[in-house]
Amino acid sequence: NEQSVLLCLANAIVAARNRDDLEAAIKDNLLELFAGKYFTLCITGDDKKTHAYFVHSRDNTIADQNIFSNIFHLKEAAGDDLFYSILSEQMISIIRFSDVLKKAKKPSYITSWQKAGIRQMLAMPFVKSKNLQGVFCIYSEKERVISKEQFNLFTSVTALLNTGVSNIISIEKTEQQLKEI
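Quick summary incoming for the structure in this document. Because the structure is a prediction, the values reported are computed rather than measured. (Residues numbered from 1 in each chain as written. Predicted model: local features only at pLDDT ≥ 70, side-chain atom pairs only at ≥ 80, totals over all residues. Heavy atoms only, no water.)

**Concerning the packing of helix α1 (residues 2–15) against helix α7 (residues 148–180)**
- Interaxial distance between α1 and α7 falls to 10 Å at its minimum, and their mutual angle equals 10°. Here α1 lies roughly parallel to α7, going by the angle between them. Between α1 and α7, the contacting residues are E2, L6, L9, A10 and I13 on the first element and L153, S156, V157, L160, L161 and G164 on the second.
- The residue inventory of the contact of α1 with α7, partitioned by class, reads eight nonpolar, two polar and one charged. (Axes fitted to C-alpha atoms, helices over the stretch in contact; angles between N-to-C directions. Helix = DSSP H or I, 4+ residues; strand = E, 2+ residues; numbered from the N terminus. Parallel < 35°, antiparallel > 145°, perpendicular 65-115°, else oblique. Contact = heavy atoms within 4.5 Å. Nonpolar A, V, L, I, M, F, W, Y, C, P; charged D, E, K, R; others polar.)

**Quick look at the packing of helix α2 (residues 19–29) against α7**
- Interaxial distance between α2 and α7 falls to 10 Å at its minimum, and their mutual angle equals 165°. With respect to α7, the element α2 is oriented roughly antiparallel. Relative to α7, α2 is oriented so that their crossing is right-handed. Each of R19, L22 and I26 in α2 lies in contact with α7, whose residues at this interface are L161, V165, I168 and E172.
- Looking at the contact of α2 with α7, its residues break down into five nonpolar, no polar and two charged. (Left-handed = near helix turned anticlockwise from the far one by under 90°.)

**Some remarks on the pattern of salt bridges**
- Throughout the structure, instances matching the rule amount to three salt bridges.
- The closest approach of N and O atoms between E172 and R19, which form a salt bridge, is 2.7 Å. Taken as a pair, E172 in helix α7 and R19 in helix α2 lie far apart in primary sequence, 153 residues in all.
- The partly exposed category is assigned to E172, whose relative accessible area is 27%.
- A salt bridge links R96 to E143; the nearest nitrogen and oxygen atoms lie 3.5 Å apart. (Salt bridge = Lys/Arg side-chain N within 4 Å of Asp/Glu carboxyl O. Buried < 20%, exposed > 50% of the residue type's maximum accessible area, 1.4 Å probe, protein only.)

**Things to note about the packing of aromatic side chains**
- Under the defined criterion, the tally for this structure stands at seven aromatic pairs.
- Measuring from ring centre to ring centre gives 6.4 Å for F97 and Y139, while their planes differ by 65°; the resulting arrangement is edge-to-face. With F97 in helix α5 (residues 97–101) and Y139 in strand β5 (residues 133–140), the pair connects residues that are 42 residues apart, well separated along the chain.
- Here F136 and F154 contribute two aromatic rings whose centre-to-centre distance is 5.4 Å and whose plane-to-plane angle is 25°, an arrangement assigned as stacked. In this pair, F136 sits in strand β5 while F154 sits in helix α7, placing the two residues 18 residues apart along the sequence. Take F136 and F154: they sit in the same class, and that class is buried.
- Taken together, the ring pairs connect F34, F39, F136 and F154 into an aromatic cluster. (Phe/Tyr/Trp six-rings, centres within 6.5 Å; stacked < 30°, edge-to-face > 60°.)

**Some details on the sheet that holds strand β3 (residues 93–96)**
- In space, the five strands of this open sheet follow the order β2-β1-β5-β4-β3, with antiparallel pairing throughout. Where the open sheet ends on each side, the last strands, each with one partner, are β2 (51–56) and β3. Here the strands of the sheet are splayed against their neighbours by 30° on average, with no regard to which way each runs.
- Pairing between β3 and strand β4 (residues 120–127): four bridges, direction antiparallel. Pairing of S93 across the sheet is with A123, part of β4.
- Sitting on the sheet, α2 touches β1 (38–44), β2 and β5, and the angle it makes with β2 is about 70°. (Pairing = 2+ DSSP bridges.)

None of the figures reported here should be taken as evidence of function without further support.
Okay, here's the thing in structure tokens:
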């Protein structure tokens, strides 16, 4: 089953020409497999001091839409230790929000996710180059154990997404340059 998911996802990512295509590929192929409710794919800003959402779940099922709006319209500053610790780990992290919420210093989005019923985040960094770095996350409503096979699959998926993000950024830059001409 994992191999077929990976092949379907690889095909969808290769075919993705914009962020909407990438969102659909992730939503259609991954969330259920990892018992996820939402996902985000964040990349660092050009200044390397901030990060923002590149693509994320768009969902109207959260009762308080202000919470959802707050989550996805943030541009987090360099003080987001959680994001940068995941990025520096270069391996999968399982973040239980109950643990993060106990810390004195926590990113503002953690509280928003917690209010939306999220209990755990599965996160994997990707680094294409110094210019393209980010973190892919799947958010779950229940804390759960991830199997070794799922760890391996999530690592492979993140590598595919890295390529997809890179391709879409190139397409966006080309389209912008064509508009300027």
